[in-house]
Amino acid sequence: MSTNLVEAEAVRTEQRKPRASIDLRSDTVTQPTAEMRRAMAEAEVADDVYGEDPTMNRLHERAAQIFQKEAAIFVPSGTMGNQVAIRCHTQHGQEIICEERAHFINLESATVAAFSGCQPRTIYGEDGVITWAQIKQKIAPPAYYRAQTGLIELENTGSLTGGTVFPQDVADEICDSAHEMGLPVHLDGARIFNAATAMGKPVAEIARKFDSVMFCLSKGLCAPVGSMLVGSKAFIDRARVFRKAMGGGMRQSGVLGAAGLIALEKMPARLQEDHDNARLLAEGLAEIRGIKIDAKKVRTNILVFSIVGTGMDTAEFSRKLGDKKVLAAGIDHEQMRFVTHNDVSREDCGKVLEVVRGICV
Ligand SMILES: *Cc1c(COP(=O)(O)O)cnc(C)c1O
């Protein structure tokens, strides 16, 4: 047995390609850990559409426990998690109130229209933070010709806003006030463990007042595939129906669940390292001519910075980084995004700053 594991480890190491670049495009690029690969190989599995996969059932139970919600369900992607939740909460012809840079309306095709038949009603919020005072004004009056508000959606951390943390008191007020009007609130918590690390709070506390939360096991937590939805038992029962309808009912998915369990139990503890690296990058970038970033605002693993002063657009900037084996992308013509993760070391960050200095002369 131990010989087999040693042999297996050797094969794994051989099969891994040497890393060609420092990849800051997203934390979605993270490799599963050796422990995950081993757990996947050894996972006990059965048909999860029949609800019989023991590894999947364990993952569902643990996620519900950690988030202190009644139930949880695995979904193949964060996109499916958000869209299944939205389909559960809304009816066709309704509106969803959200910040204008929300992931679910910008980076998930037009699923909210195609699958849920809803339209977004957007608000701009400084650093992605929208308040109840802003939301209240966007809730449709009860006129038959006005699309009625069906859902409010928040994001923590904010992906396109630079990994921003949504303040708990602002979120709590939104949830309480929405619930008084009978409106559900969904949290896109793709990176809720990064938020929890930055806020020094357990995820359960962040999630407490939300009707549903989606979070990713992939990304910073390094699972190869998968996200989860948590909420009430009735909500998760409904989510299982729409997950199946979207093609997300999978059979021996415990192979993925085994990696997910390790992501959930072991990986959150190391996220501070990514946040420290992001801050280090931000402080270095702030010193470089032509780049604008407020390093103090970088609290998690994502940094968004303006390169207008360099005279380059983000396509040119990204190309020049790529020539030096640093991968990154712009979120528009003027703003670049860097994301730190398990496969970017402190030393890598030093190299990245050197490369950026070199192209900004
Ligand atoms: C990545 C992400 C998603 C979607 O996750 P996928 O697994 O890529 O579909 C949703 N919301 C936010 C905020 C994200 O960052």
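Residues numbered from 1 in each chain as written. Predicted model: local features only at pLDDT ≥ 70, side-chain atom pairs only at ≥ 80, totals over all residues. Heavy atoms only, no water.

Caption draft 1: Molecular detail of the site of the ligand. Taken together, 13 residues sit near the ligand, with Gly78, Thr79, Asp188, Arg191 and Lys219 positioned nearest. Taking glycine 78, its main chain carries an N or O atom lying 2.8 Å from an oxygen atom of the ligand. Sorting elements by how many residues they give to the shell around the ligand places helix α4 (residues 78-89) first, with three residues. A per-class count over the shell around the ligand returns two nonpolar, six polar and five charged. (Near = heavy atom within 4 Å. Polar contact = N/O pair within 3.5 Å; in protein donor to acceptor, adjacent residues only side chain to side chain. Helix = DSSP H or I, 4+ residues; strand = E, 2+ residues; numbered from the N terminus. Nonpolar A, V, L, I, M, F, W, Y, C, P; charged D, E, K, R; others polar.)

Caption draft 2: How the structure looks around helix α12 (residues 254-266). The terminal C-alpha atoms of α12 lie 18 Å apart, and with 13 residues this matches the ideal 18 Å at 1.5 Å per residue to within 8%. Among the 13 residues of α12, ten are classified as buried, and the element is accordingly described as predominantly covered. Within the span of α12, buried status applies to Gly254, Leu256, Gly257, Ala258, Ala259, Gly260, Leu261, Ile262, Ala263 and Leu264. Where α12 is buried, its residues contact α2 (34-42), α3 (54-67), β2 (71-75), α9 (192-199) and β7 (212-216). (Expected span 1.5 Å × (residues − 1). Buried < 20%, exposed > 50% of the residue type's maximum accessible area, 1.4 Å probe, protein only. Contact = heavy atoms within 4.5 Å.)

Caption draft 3: View of the packing of aromatic side chains. Enumeration over the complete set of coordinates arrives at seven aromatic pairs. Taken together, a centroid distance of 5.8 Å and an interplanar angle of 90° make the contact between phenylalanine 67 and phenylalanine 193 edge-to-face. Of this pair, phenylalanine 67 sits in helix α3 while phenylalanine 193 is found in helix α9, placing the two residues 126 residues apart along the sequence. The exposure class assigned to phenylalanine 67 is buried, which follows from its relative accessible area of 1%. Relative to tyrosine 145, the ring of tyrosine 144 has its centre 5.1 Å away and its plane inclined at 80°; by these criteria the two rings are edge-to-face. No difference in accessibility class separates tyrosine 144 from tyrosine 145, as the two residues are exposed. If you follow arginine 251 out to its NZ or CZ, it ends over the ring of tyrosine 50, 6.0 Å from the centre. (Phe/Tyr/Trp six-rings, centres within 6.5 Å; stacked < 30°, edge-to-face > 60°. Lys NZ or Arg CZ within 6 Å of the ring centre and 35° of its normal.)

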